[in-house]
Amino acid sequence: MSLWVDKYRPKTLAQLSYHDRISQNLKALSASGDFPHLLVYGPTGAGKKTRVYATLQEIFGSAVERLKIDVKTFTTSSNRKLEFNVISSPYHLEITPSDMGNNDRVVIQDLLKDVASTEQVDFTSSKVKHRFKVVVINEADCLSRDAQAALRRTMEKYSANTRLILVCNSISNIIPPIKSRTLLVRIPKPTIEEIGDILNMVAKKEQVKFNSNDPQAITSFLNNLAEKSDRNLRRSLLAFETISMQNETIPITNNSGPQLTLDWEIIISGIADAVLKSRSVATLAKLRDAYYELLAHCIPAKIILKTLLFNLIEKLGDSNVVPKLVELASDYDERLSLGQKSIFHLEGFTANAMVALES
Amino acid sequence: MKRKRNVVKDANTSDVSDDLSDEVIEDVASRPKVRQLEPILDQWIDKYSPQSVPQVCMNPQKLKQIQQALNRLVNGEKRLLILSGPAGSSKSTAVLQLAGQVLEGSASESVISYEEVSGAEGEFDDWLQGIRYRIGNSLRVVLVEELPNVFHKGTLNRFRSAILQWVCDTRPVPPLVLSLTEVDDIDGGGLTIDSLLPRWILSHHAVEWIKVNKIAAKFIRKSVGEVVAKESIRGGGLWGIGRENINTFIDSIIDLGDIRAIIANLQTWSRLGKQVVTDEMFRRENGLELFHSLGKIMYGSIKDESDEITLQHVLTLYNDLLLLESTVFENYQMYNNGTFPIEAAQGILRLLGDGDIIRMPEASISSVRHSFSRIPRDGSIRRDRIRFPRQYKVMSRARQSAIQISDYRRFIGNIRVSSCDVNLVDGFFVPQIYNSFRYKYLTGKRSKYRYRRIGGDIRLSGDEDTRPLMFGDGETQEEDGDQMDHFTWEIIQKKLKENEDSDDNEGELSDPIEDSDSTMEAKLTGTLEAMLTDDSDDDSDINQTMKEHNDNDKKLDDTYDSLLSDSDLDLLMSQGIIRQTYTEKVI
């Protein structure tokens, strides 16, 4: 039995349940049989990848769901072997540049050249008339500037038989030439009610039992869950499945029920508490353990910084330090991009935040 | 192990410079070596090696401290004494002489020391097991100064578990002394107590740790004085050299604080045609040690006239500035025991961050020195221990996490979900779902082990100190089946299966998660144990840096050929499952 989040994932544009305007546009786009390079962006868990796949399905048919994974090796100039995964169907392939580290420029160029030089020939199906292959680049905001600059030339050079779909969370790291060469598609977070509806639908299909039969109470419980999950659909579904697996009947009392906070978020919330409670060098040193623990689990430093900032803001309420903190965080966000030892900058931000809170 | 760089390379001191390992160089004078048939006494360090406790060149207070510790070992209060310190600080000599005194026997007969013969992975365990019955009438002090090859991860784990068993054993054991010359250079493979033993062993109540410093000039002068007196007689090596010249020479090298090197150098010098040479040759350009450099950055140096000189000294003599920068970061809070204002810390962190951004550690190190010089010292005594930067350990853990996440995506989860989402969201919820009773009930799926958080549990490292509780009965983690993560198990299954179905390129995504048959299980047990050892090693030390991992990758190809004969191994190798374990064995 697959997870609900996979089981109820829409496979076609018609099945998509919210952002109808976007779905219509994508449908129109795919009906034309061709499309420009796309830059799909939006927060995590909003449904970017689902929409990308639904679009591909619309164009190429269900064959795009027949995925396989290849491990490709690439030998760098310093003779190191680099392994990365390439997911592919007969009509597209998908890569994640963060697998490639600092060599993303060479690897992507190489790969695209490879794709572009083999023309798409398909004798089996007369229906498919497209002569291009699609390359999906995930986490495009992690691409180095170098790689992005190289990509822009490649995009023009091979536009005859390749289409790129860049997927990313934020376009602030994408260089303007790329933005100008792509059609930007923004997928915003679904609203609480939209998530609530989906959860409700899943609850009915899975016959989830609640201790109350009042649809009003259930709806408000599910909406609450959606809100606590930061309006991230993926997270809401997983949290909902976790709750219903752990409770035979889900208790809803006072319009709320069991809630689940992610383990790493709890640690960051603890950091925020410590910063607000005791501002000293000793606290700084103690918090270093927490940062190290998070970094050791590949929690991206930028996400730590962002979550910490939001935690501080939430705990401070309406305070005039908040603008200062936001300014500091954005400064340190940039420092994280430029530097290598992220722990320096995380602790730096903490110290700065402490000083700002003292004054 | 890296050859000691500061040994004077001279033919006359060949016994010192030709030894390949640090630990062998350690206290050549006093080692109870069996393989030497006849003691060669023309080396002064052998000839004048201390024959009684008062002759040991060491601070008498420290000597007394070690003696008391030895007493506690003998009466069973403690089980392990760790002595750490720089080379030539009389650590082993002190143990040798004190053991003779405490056990009321001759020094050389009171001590058994470990000597590696075959270099096999379990050699140390076996030896330690054999030696544990040297109690009662045949009581001996067990001295470990030569270590097995702890740069090999498997050997290191065996070494640690052997020490752990020894410490936790309830039966009486002979006194065990671990004497280690610390080398803090990660590039050449550093070796410190912290990297050798995990913290919860070090903080165990039956373990005592004494740090020995460089020997102060006062005590060296005394010991060297005796040598000089004996050699100045007619026929002695120093005959005919003016006392003044001798003193000038000794003064020039006394800062080394290394009694062995000083005596050896004195002898060499005396042979150089008896001319007055106070040559640079004997004054070793001590590459500054890491923690020493740290001290200079945080506190400055009284000897130097200005900070500029101190800085110049550190920046030219210490070669790994990136490491030094991280060390400053890891320890800056110890200044005045952390009581300095947070604004100062903010400034220091800003400077360190700038240094990281412009990739110029020398800039940040210099400016940090200036920041510290502006904070008045409160004269308090440092409470915490200096820490080696944890950054490298964190990086290696992050790499392991990343591998597990990518394996999960590939073999168990949905490959379309980004690794970031898997880590941040799925990693937390999915194991909970799979572990829940209801899920198992609904799907009829039984899992052999519990599912653990993908990428490893996130917990604050404060938990580290509570871990000995798990090992209370001397049980090692490797034997504990519950530690196995069911995800890891499934991934191995899938990897094997994929190999069997290698003709069939499709379908691995839609493959249901299957229960394994028993033959597969048997085949895998060995591999699993190897993986467990690997996974459970939370305390993987700082030496396992990225460099080593890269080396492993490189060596894989060489290893591959030698394993081709065995089809099963080959199969696993090609999947990278047992790469590390086996590669290391071959190395």
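In case you missed it, the structure is sitting above this.
So, a few notes on the structure that sits alongside this text. (Residues numbered from 1 in each chain as written. Chains lettered and ligands numbered in written order. Predicted model: local features only at pLDDT ≥ 70, side-chain atom pairs only at ≥ 80, totals over all residues. Heavy atoms only, no water.)

### Describing the overall build of chain A
Then, in step 1: The number of helices and strands found in chain A is 14 helices and nine strands.
Then, in step 2: Looking at chain A as a whole, 56% of its 359 residues are labelled buried.
Then, in step 3: Counting contacts in chain A only where the partners sit at least 6 residues apart, residues at least 24 apart contribute 71% of the total. (Helix = DSSP H or I, 4+ residues; strand = E, 2+ residues; numbered from the N terminus. Buried < 20%, exposed > 50% of the residue type's maximum accessible area, 1.4 Å probe, protein only. Contact = heavy atoms within 4.5 Å.)

### Observations concerning the interface of chain B and chain A
Then, in step 1: Contact with chain B, which involves 69 residues of that partner, is made by 72 residues of chain A.
Then, in step 2: Counting across the chain B and chain A interface gives nine salt bridges.
Then, in step 3: The residue A:Asp263 makes a salt bridge to B:Arg453 at a minimum N-O spacing of 2.3 Å.
Then, in step 4: Viewed at the interface, chain A and chain B are joined by 31 residue pairs in polar contact (both at pLDDT 80 or more).
Then, in step 5: Counting only elements with at least two residues in the side of chain B that touches chain A, the list comes to helix 15 (321-331), helix 16 (342-357), helix 18 (391-411), helix 19 (419-435), helix 20 (437-443) and helix 23 (546-563) of chain B. (Salt bridge = Lys/Arg side-chain N within 4 Å of Asp/Glu carboxyl O. Polar contact = N/O pair within 3.5 Å; in protein donor to acceptor, adjacent residues only side chain to side chain.)

### A few points about the packing of aromatic side chains
Then, in step 1: In the structure shown here, the tally under the stated rule is 21 aromatic pairs over all chains.
Then, in step 2: Geometrically, the ring pair formed by B:Phe428 and B:Phe429 is edge-to-face, given 5.1 Å between the ring centres and 70 degrees between the ring planes. Taken individually, B:Phe428 and B:Phe429 each receive the classification buried, so the pair is uniform in this respect.
Then, in step 3: Plain terms: the ring middles of B:Tyr434 and B:Tyr439 are 5.1 Å apart, the flat faces sit at 40 degrees to each other, and that makes the pair tilted.
Then, in step 4: Given the relative accessible area of 2%, B:Tyr439 is considered buried.
Then, in step 5: Taken together, the aromatic side chains of B:Tyr408, B:Tyr434, B:Tyr439, B:Tyr451 and B:Phe487 make up a single cluster linked through ring pairs.
Then, in step 6: One cation-aromatic arrangement involves A:Arg51 over A:Tyr18; the distance from NZ or CZ to the ring centre is 4.7 Å.
Then, in step 7: Here the basic side chain of B:Arg132 rests over the ring of B:Tyr133, its NZ or CZ set 5.4 Å away from the ring centre. (Phe/Tyr/Trp six-rings, centres within 6.5 Å; stacked < 30°, edge-to-face > 60°. Lys NZ or Arg CZ within 6 Å of the ring centre and 35° of its normal.)

### Comments concerning the pairing of strand 1 (residues 80-85) of chain B
Residues and elements named next belong to chain B.
Then, in step 1: Among the six residues that make up strand 1, six are buried, leaving the element largely enclosed by the rest of the structure.
Then, in step 2: Alternating residues of strand 1 divide into Leu 80, Ile 82 and Ser 84 and Leu 81, Leu 83 and Gly 85, and every residue in both groups is buried.
Then, in step 3: Across six bridges, strand 1 lies against strand 4 (residues 176-181) in parallel orientation. Note on strand 4: the bridge partner recorded for Ser 84 is Leu 180. (Pairing = 2+ DSSP bridges.)

### Some remarks on unusual backbone geometry
Then, in step 1: Phi is positive for A:Glu139, close to 45 degrees, though the residue is something other than glycine.
Then, in step 2: The residue A:Glu139 is located in the loop between strand 5 (133-137) and helix 5 (145-157) in this model.
Then, in step 3: A:Glu139 sits in the buried class, given a relative accessible area of 17%.
Then, in step 4: In the Ramachandran plot, B:Asn336 falls in the positive-phi region, its phi being about 50 degrees despite a non-glycine side chain.

### Details of a nonpolar patch on the surface
Then, in step 1: A cluster of nonpolar side chains, contributed by B:Phe437, B:Tyr441 and B:Leu442, occupies part of the molecular surface with about 420 Å² of accessible area.
Then, in step 2: By the secondary structure assignment, B:Tyr441 is in helix 20. (Patch = residues over 30% accessible without salt bridge, like charges linked within 9 Å, V, L, I, M, F, W, Y side chains within 5 Å. Areas by Shrake-Rupley, 256 points an atom, 1.4 Å probe, with all protein chains shown as cover.)

### Overview of the pairing of strand 5 of chain A
All names here are of chain A.
Then, in step 1: Buried residues dominate strand 5, accounting for five of its five residues.
Then, in step 2: The alternating pattern of strand 5 places Lys 133, Val 135 and Ile 137 on one face and Val 134 and Val 136 on the opposite face, and all of these are buried.
Then, in step 3: Here strand 4 (residues 92-95) pairs with strand 5 via four bridges, running parallel. In the sheet register, Leu 93 faces strand 5, and the bridge partner there is Val 135.

### As for the environment of A:Asp141
All names here are of chain A.
Then, in step 1: As for its placement among the helices and strands, Asp 141 is situated in the loop between strand 5 and helix 5.
Then, in step 2: Sequence separation of Asp 141 and Ser 172 is 31 residues, and the distance between their C-alpha atoms is 7.8 Å.
Then, in step 3: Dropping the residues within four chain positions of it, Asp 141 is found in contact with Cys 168, Asn 169, Ser 170, Asn 173 and Ile 174.
Then, in step 4: Among the polar contacts made by the side chain of Asp 141, one reaches the main-chain amide nitrogen of Asn 169 at a distance of 3.3 Å.

### Brief notes about the pattern of salt bridges
Then, in step 1: Within the structure shown, the criterion is met by 29 salt bridges over all chains.
Then, in step 2: Note that A:Arg288 is salt-bridged to A:Glu347, the shortest N-O span being 2.7 Å. Highlighted residues: A:Arg288 in helix 11 (residues 281-296) and A:Glu347 in helix 14 (residues 342-358), separated in sequence by 59 residues. Note on accessibility: A:Arg288 and A:Glu347 belong to one class, buried.
Then, in step 3: Notably, a salt bridge pairs B:Glu330 with B:Arg390, separated by 2.7 Å at the nearest N-O pair. With B:Glu330 in helix 15 and B:Arg390 in the loop between helix 17 (361-374) and helix 18, this pair connects stretches of sequence that are 60 residues apart.
Then, in step 4: Residue B:Glu330 is classed as buried on the basis of its relative accessible area of 0%.
Then, in step 5: The class for B:Arg390 is buried, based on a relative accessible area of 14%.
Then, in step 6: Three or more residues are tied together by salt bridges with common partners; here these are A:Arg288, A:Asp289, A:Glu347, B:Glu330 and B:Arg390.

### So, the sheet that holds strand 3 (residues 81-88) of chain A
All names here are of chain A.
Then, in step 1: Strands sit in the order 2-3-4-5-6-1-7 across an open sheet of seven strands; the sheet is mixed. Of all strands in the sheet, those with a lone pairing partner are strand 2 (68-75) and strand 7 (183-186), marking the two edges. This sheet shows a mean twist of 25 degrees between the axes of neighbouring strands, independent of strand direction.
Then, in step 2: Across four bridges, the pairing between strand 1 (residues 38-41) and strand 7 is parallel. Following the sheet pairing, Leu 38 is matched in strand 7 by Leu 183. (Axes fitted to C-alpha atoms, helices over the stretch in contact; angles between N-to-C directions.)

### Regarding the side chain of B:Thr181
Then, in step 1: Along the chain, the position of B:Thr181 falls in strand 4.
Then, in step 2: Within the structure, B:Thr181 has its side chain in polar contact with the side chain of B:Lys91 (distance 3.4 Å).

### Points about the side chain of B:Arg79
Residues and elements named next belong to chain B.
Then, in step 1: Examined against the element boundaries, Arg 79 turns out to sit in the loop between helix 4 (60-74) and strand 1.
Then, in step 2: Here Arg 79 sits buried without a salt bridge, and the closest side chain of opposite charge, Asp 169, lies 5.4 Å off (N-O distance).
Then, in step 3: A distance of 3.1 Å separates a polar side-chain atom of Arg 79 from the backbone oxygen of Trp 166.
Then, in step 4: Not counting the four nearest positions on each side in its chain, Arg 79 is found in contact with Leu 73, Trp 166, Val 167, Asp 169, Thr 170, Arg 171, Pro 172, Val 173, Leu 176 and Ala 206. (Lys, Arg positive; Asp, Glu negative; His and termini not counted.)

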